[in-house]
Amino acid sequence: MIRMTVQGLTIDPASNSPILILKEQDGERSLPIWIGLLEATAIASELEKVSFARPMTHDLLRNVIAELGYSVLKVEVVDLKDNTFYALIHLTAAHGGLAIDARPSDAVALALRAQAPIFIDPKVLEAAGSSEKQLGDQDDKWSELLDKMDPETLASIKCNCQRSAPRHLRQGSLARNG
C-alpha cells in the first residue's frame with residue numbers, strides 16, 4: 001500500500017463537481033476522485049479546522065466508533081471498478097479489528113477527523129493516478145478551453161458555481177491541507 005495525503009479539493013469546471021486530490025506522501029503521483037458536494041464540505045471543514053456547535057455526520061461516526069471501544073487504524077482505497085473507487089475503513093480494538101466498506105470520500109473525511117493514515121493500493125494508483133506533469137498538462141488544457149469559451153458561457157458557469165458551491169469550493173479554489 002502507498003501512503004497518501006489530502007492535497008486539497010477543487011471544482012471540475014466542466015461538471016461543477018468537487019474533486020478530492022490525494023497525493024503520494026513520498027512521491028509526486030496524485031489521485032483525483034470526483035466526490036459529492038456534502039462530502040467535499042465535510043472534508044474541507046476538517047482541513048480548514050472549522051468547528052460546529054453540534055457534531056456533523058463524520059464527527060458522529062468517529063464518536064460512535066470511539067464509544068464502541070474502537071479506533072480508526074487506517075483507511076485504504078482498495079479498488080477501482082467501472083469508474084467507481086472502493087475504500088475500506090480499518091477499525092481496531094483490544095479484542096480485534098474489522099474492515100468496513102466505504103466510499104473513499106467518507107473514509108477520507110473520517111480519517112481526517114481520527115488523524116488516521118490514508119493508503120491506496122498500488123494497482124489503483126497505477127490505473128487512475130496522475131503525475132505532477134500530467135496534472136500540469138491537464139491545467140493547460142483547461143486554460144486553453146476557457147480561453148476559447150465565449151464570455152456569456154463562461155459567466156454562466158461562474159455564476160452557477162458561485163450559487164451551488166460553498167465558499168471553500170468556489171471559483172475552482174483549492175482548499176489545501178496545510
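Everything here concerns the structure above.
For clarity, every value in this text was computed on a predicted model and none was experimentally measured.

Participant: Provide a residue-level description of the side chain of Asp121, including the pertinent values.
Facilitator: Of note, Asp121 is situated in the loop between strand S7 (118-120) and helix H4 (122-128). Buried and unpaired, Asp121 has no salt bridge, with Lys123 as the nearest side chain of opposite charge at 4.5 Å. Contact partners of Asp121, with chain neighbours within four places excluded, come to Met1, Val77 and Val78.

Participant: Just give me the short version of the packing of aromatic side chains, but keep the residues and values in it.
Facilitator: Taken as a whole and assessed by the stated rule, the structure comprises 0 aromatic pairs. Against the face of Phe119 rests Lys74, its NZ or CZ located 5.9 Å from the ring centre. Cation over ring: Lys81 sits above Tyr86, and NZ or CZ is 5.6 Å from the ring centre.

Participant: Which residues make up the packing of helix H1 (residues 37-47) against helix H3 (residues 104-114), and what values go with them?
Facilitator: Packing of H1 against H3 brings their axes to within 9 Å, and their N-to-C directions diverge by 20°. Classified by the angle between their axes, H1 and H3 sit roughly parallel to one another. For the crossing formed where H1 meets H3, the hand is left-handed. Touching Glu39, Ala42, Ile43, Ser45, Glu46 and Leu47 of H1 are Ser105, Asp106, Val108, Ala109, Leu112 and Arg113, all from H3. Broken down by class, the residue content of the contact of H1 with H3 amounts to 6 nonpolar, 2 polar and 4 charged.

Participant: So, the nonpolar core: which residues are in play, and what are the values?
Facilitator: Side chains that are nonpolar tend, in soluble globular proteins, to be buried together. Counting residues in each nonpolar core, the largest one holds 35 residues, and the members touching the most others are Leu22, Leu31 and Ile43. Considering every element that reaches this core, the biggest residue donor is H3, with 6 residues. If near-sequence neighbours (up to four positions away) are discounted, Leu22 is found in contact with Met4, Thr5, Val6, Gln7, Arg29, Ser30, Leu31, Ile33, Val77, Val108 and Ile118.

Thresholds, definitions, all that
- Residues numbered from 1 in each chain as written.
- Predicted model: local features only at pLDDT ≥ 70, side-chain atom pairs only at ≥ 80, totals over all residues.
- Heavy atoms only, no water.
- Helix = DSSP H or I, 4+ residues; strand = E, 2+ residues; numbered from the N terminus.
- Buried < 20%, exposed > 50% of the residue type's maximum accessible area, 1.4 Å probe, protein only.
- Lys, Arg positive; Asp, Glu negative; His and termini not counted.
- Salt bridge = Lys/Arg side-chain N within 4 Å of Asp/Glu carboxyl O.
- Contact = heavy atoms within 4.5 Å.
- Phe/Tyr/Trp six-rings, centres within 6.5 Å; stacked < 30°, edge-to-face > 60°.
- Lys NZ or Arg CZ within 6 Å of the ring centre and 35° of its normal.
- Axes fitted to C-alpha atoms, helices over the stretch in contact; angles between N-to-C directions.
- Parallel < 35°, antiparallel > 145°, perpendicular 65-115°, else oblique.
- Left-handed = near helix turned anticlockwise from the far one by under 90°.
- Nonpolar A, V, L, I, M, F, W, Y, C, P; charged D, E, K, R; others polar.
- Core = buried A, V, L, I, M, F, W, Y, C linked by side-chain atoms within 4.5 Å.

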